Structure formats: C-alpha cells, structure tokens
Amino acid sequence: MSMTGRKSLGLVLLISALCVVLTPAGTVRAQSDLKSTLQQYSESEVKGYIQPVADLFGADMNSGFFHTADIAKMGFHFKLEFVGMASLVQDAQKLYTANAPTGFNPGTFQTATIFGGTGSTVVDTRTGFTFRGSDGLFNTSYFPLAAPQITVGDIYGTRFLLRLILTPEIDKVGKITYWGIGAQHSISQYLPMIPFDVAGHIVFSKLSLGSDLISADGVSIGVDASKKFFILTVYGGLAWEKSSLGLKYKPDDVSLQAVDITLDGKQSFRFKAGLNLGLGPISLFGDANFGSITILSAGIGFGI
Amino acid sequence: MKYRLLAFLAIAALPLMGFDCINDPFFASINVNPISISYDLSGSNRNFDKTSPQITTSDFYNEGYSLSDVSVYDLQISTSGAPSLGASNCTIWLGTNSAGPWTQVVTCTGDWSVFNTPQSIFSPYFSQPNATALKSLINAAFAGNRLYVRVSGNAGTGGAIPAGYAAKLTLFIRATGSLSN
C-alpha cells in the first residue's frame, strides 16, 4: 500500500520518539513491546522504569526551535525546517531502584530502566523466592526526535513557529498528534546599541500517541542571542523549560488498578550554542544544549 | 513525494547515528494474575484434605507472551468463618496431576482467627518454604498449562466444621516472557 508523505513524516516522529527499528514491522513491534511491557507494571513500579523517557523526550521536545535572534521589525520571513534532536542517554538513566514485593528482604533492588540491559533478580533471604525486573527495551546511547516546523513573520519584531504532525490511524500504533506553537520577539529592536541580536521566545508543545497510552507536554521560555558573520550566524541562548509525560493503561494483572500518571522531565534549565549556515534559500544549522541533559540538535531549512 | 524522500532520509540516517535500537531478545517480567482457590471446609472433619479443580495457567496471563521462567513470589492464606475454630495448621501441596505426585511447598500454623486477615508466606505463621521444589513444580505446571493445589491440615478440635467456614489460598506469580511472534 502506498504511504502518503504526511504518514511518512508521522512515522519519522514515531520512530524517533519510540526508538524503533527501521521497518514498519519493527515500528509496530516496538509499540507492541512497549505497551505490553508497561502493562506488566503497577503505577508505583512503572515510574522508575519509564522516568528516563520523560526526562529525555521532554528535553527533545524543547529543542531545535530557533536558530537566530535576528528578527526584522516588519518584513517577510518564511521557512520550512526539518529538525532532528537527540538527547544523550546517561549511564545513571539505565538503572533504577525498584521495590521488591512486600515481605522481601532486601526490600529494594537495582534493575534496568527502559534504557537498561538485562533485568536484575532479587532473592528474598528467608524464603529463597525470586523477583525479576524487566529488561530494558531500548538499546541506544541517545533518544532522538524529528519534526518539521515552519517559522513565519516578521510582524512588529515577532516571528511565529509551528510544529505539526498529524497522522491517520496506524495499525497497532494508533493516531499520532504532535504540535508545537510559539513565538520569538526581538528585544534588540528596543536596544539598538547592542552589537548582536537578542530575542525572547516562548513555545508550547504537545504529543499524543496510541489511544492515550502516551502523551507529552512541553514549554520553553528563553532568551536567544545571535551574531551574523557573512553567511555564518553564531547563536546561543538560555531557557527555562518544563515537560511532562503522561501514561494511561490498564495493567494485565487484573488485581492492579488502572495506571494514569504524569511524570515530570528533570530538565528545567539549559544553555545552548550553535551555528547557522545560510546558503541563499537553504540554511543548515546545529546546536548543542547543556543542562541536566545534553541534547544535540541539527537540521535544514528552506525559505527566506 | 518530497516528504517521502525526506522521511526516507531521516529513517536512513538514524542507524548511521548509532541508533540500534530495540534490545533483542527482549524479556519482560510478567505479572501473572493472582491465582486464588477457595476451599469450602464446612461439613468437613476437623482434619481436612482438599484439592482444587484443574487450574488452566494460561488463563492468568497475556497469551501474547511465551513464558520462560516462572516463580512464585508470595503465597497468602485467609480464612472466613467465626468464631475461631482454634489452633489450626495446614500443609500446602502443588501438583500437575490431581492423582499426584504432590510437591509439599510450605506448612502453616496459627489460630484460625489469625488467618481471618490474609497472612503472607513472609509472616511467622509459615514454615521455611521449599523454594527450589516450588519453582520446579510451578514451571512444569505452566509448561503443561495445568496446576492443582492441595491443602491438608487440621482446624481445631471437635465435630464437623460448621457451615460458612472456608479457606482461601492465593498464589502470586511472576514470569519472564517474550512476545510471541
């Protein structure tokens, strides 16, 4: 069956978001594995296992928005960009302290998160009973996300940003909706003595996947600065951000309550530095973002 | 068409960046639904010996999984019926055939009323369980999709146990499983 372009882009996001192997069958398998794995966990158990996704995906969602602070007071600007973001998985995010069943001694044990390796087994010292944690699902050193976005302006020194991916229902995966909306406003227009461009930004993002299994929200508020040298723009910025990941599912174990939780991403502040190469209507850009999580972002833009 | 090309390029780029990316093989820890068996003791002699109906183990977990390692991580007994029947004891056996052989798993001792609140195998009312034999038996039961649980023991002294008295045994089981293709 022929796949539409919009559907293909949706799959790129899905593949990125869920760290999936590179075939449609693999995509379905990962989603299926993820859902089935999550359904083995109670609400208290799943938090530690999935928390790194909340941290890394949230950091990705709040990346790659703007690559210059040079905004005209009034002028025409339109760019279509394809941006890839990848947050680096730290060793500390591969293990978590899980609770052993009530009565076990020891009462906790270290086992794999969703990014870890083989799950560990805890043995109760009195009974000899065992309890094993799940294996990690994703074997990767970074967690990527990719998205198309449009920036349009400039009106009263303001530039608007829109990220949007909508897919129809995909078999065994469900519908994917991802959007981001924001604006960047020139500050340097009020301060003409500053030798570089400065702008403030605010962006809201939201993703939902697979019949409410996973949802994510993000917000970024920051200050961007840039300086253009011929075709090269050096840019950087500081931002405060917040993200959260929601999970909703019914555990396979009927004695457990339905899970409906929201996990906050751990990144709340970042510093970024990057380069933007302008080649007429095409621009290439990349930046590194440093906070409690390190994120690399790069992409290509078309437009003026 | 351009979108499809870009999508293809993006997908193709991911492995070049070291994106592996699902662990294979991948084993999830499966919470098997608790297996509860109720034994109606009313009318029984104070010395009882009851065997459960056949338990079809596949009814208790997601059939999409192939299980490779099954283990009991808790066992609880509760009683219903008051007033207390007095000092009681039990022996719990598991088997894969109603006619035996049986594997003795654990014994319990305590006043009937103590077990009106479910007591875990981690409580002082249970002996040291035979964890190795239990693990072997429960794996055989899940492999054969058939389990029997037998409870024998004594509930105080006196005549026949009055109506309304019962014992309930619950097995809490965890398994390692992979999704069947």
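Refer to the structure presented above.
Definitions and cut-offs
Numbering of residues begins from 1 in every chain and follows the order in which that chain's sequence is written. For this description, chains carry letters from A and ligands carry numbers from 1, given in the order in which they are written. Residue-level local features of this predicted model are given only where pLDDT is at least 70; pairs of side-chain atoms are given and counted only at 80 or more, and the full residue set underlies all totals for whole chains, interfaces and linings. The basis for every side-chain value is the complete set of non-hydrogen atoms in the structure, without hydrogens or water. Stacked, tilted and edge-to-face pairs are distinguished by plane angle, under 30 degrees for stacked and over 60 for edge-to-face with tilted covering the rest, among Phe, Tyr and Trp rings (Trp via its six-membered ring) whose centres lie within 6.5 Å. The helix count covers DSSP runs of H or I at least four residues long, the strand count covers runs of E at least two residues long, and both are numbered beginning at the N terminus. Three labels apply to residues, based on accessible area from a 1.4 Å probe with only protein chains included: buried if under 20% of the type maximum, exposed if over 50%, partly exposed otherwise in between. A pair of strands counts as paired when DSSP detects no fewer than two bridges linking them. Salt-bridge detection follows one rule: a side-chain nitrogen of Lys or Arg within 4 Å of a carboxyl oxygen of Asp or Glu.

(A) Region of interest: the packing of aromatic side chains. For the structure on display, the rule yields 17 aromatic pairs over all chains. Aromatic side chains Phe115 of chain A and Phe138 of chain A sit 5.9 Å apart centroid to centroid with 50° between the ring planes, which places their arrangement in the tilted category. Within this pair, whereas Phe115 of chain A is found in the loop between strand 3 (108–112) and strand 4 (121–123), its partner Phe138 of chain A is found in the loop between strand 5 (130–132) and strand 6 (142–155), the two being separated by 23 residues in sequence. The buried category is assigned to Phe138 of chain A, whose relative accessible area is 1%. Among the aromatic residues, ring-to-ring pairing joins Phe104, Phe109, Phe129 and Phe131 of chain A together with Tyr73, Phe122 and Phe172 of chain B into one connected group.

(B) Here's a closer look at the pairing of strand 3 (residues 65–80) of chain B. Residues and elements named next belong to chain B. With 14 bridges joining them, strand 3 and strand 8 (residues 166–179) adopt antiparallel strand pairing. Within strand 8, the position partnered with Asp69 by the bridge is Thr176. Pairing of strand 3 with strand 6 (residues 119–120) involves two bridges; the strand directions are antiparallel. Residue pairing for strand 6: Gln76 is matched across the bridge by Ser120.

(C) Representation of the pattern of salt bridges in the model. All names here are of chain A. This model, assessed by the stated rule, comprises nine salt bridges over all chains. Here Asp154 and Arg159 are joined by a salt bridge, their closest N and O atoms 2.8 Å apart. In this structure, Asp154 and Arg159 share a single accessibility class: buried. With a closest N to O distance of 3.6 Å, Asp224 and Lys272 form a salt bridge. With Asp224 in strand 10 (residues 214–229) and Lys272 in strand 13 (residues 269–279), this residue pair connects regions lying 48 residues apart in the sequence. Residue Asp224 is classed as buried on the basis of its relative accessible area of 3%. For Lys272, a relative accessible area of 10% puts it in the buried group.

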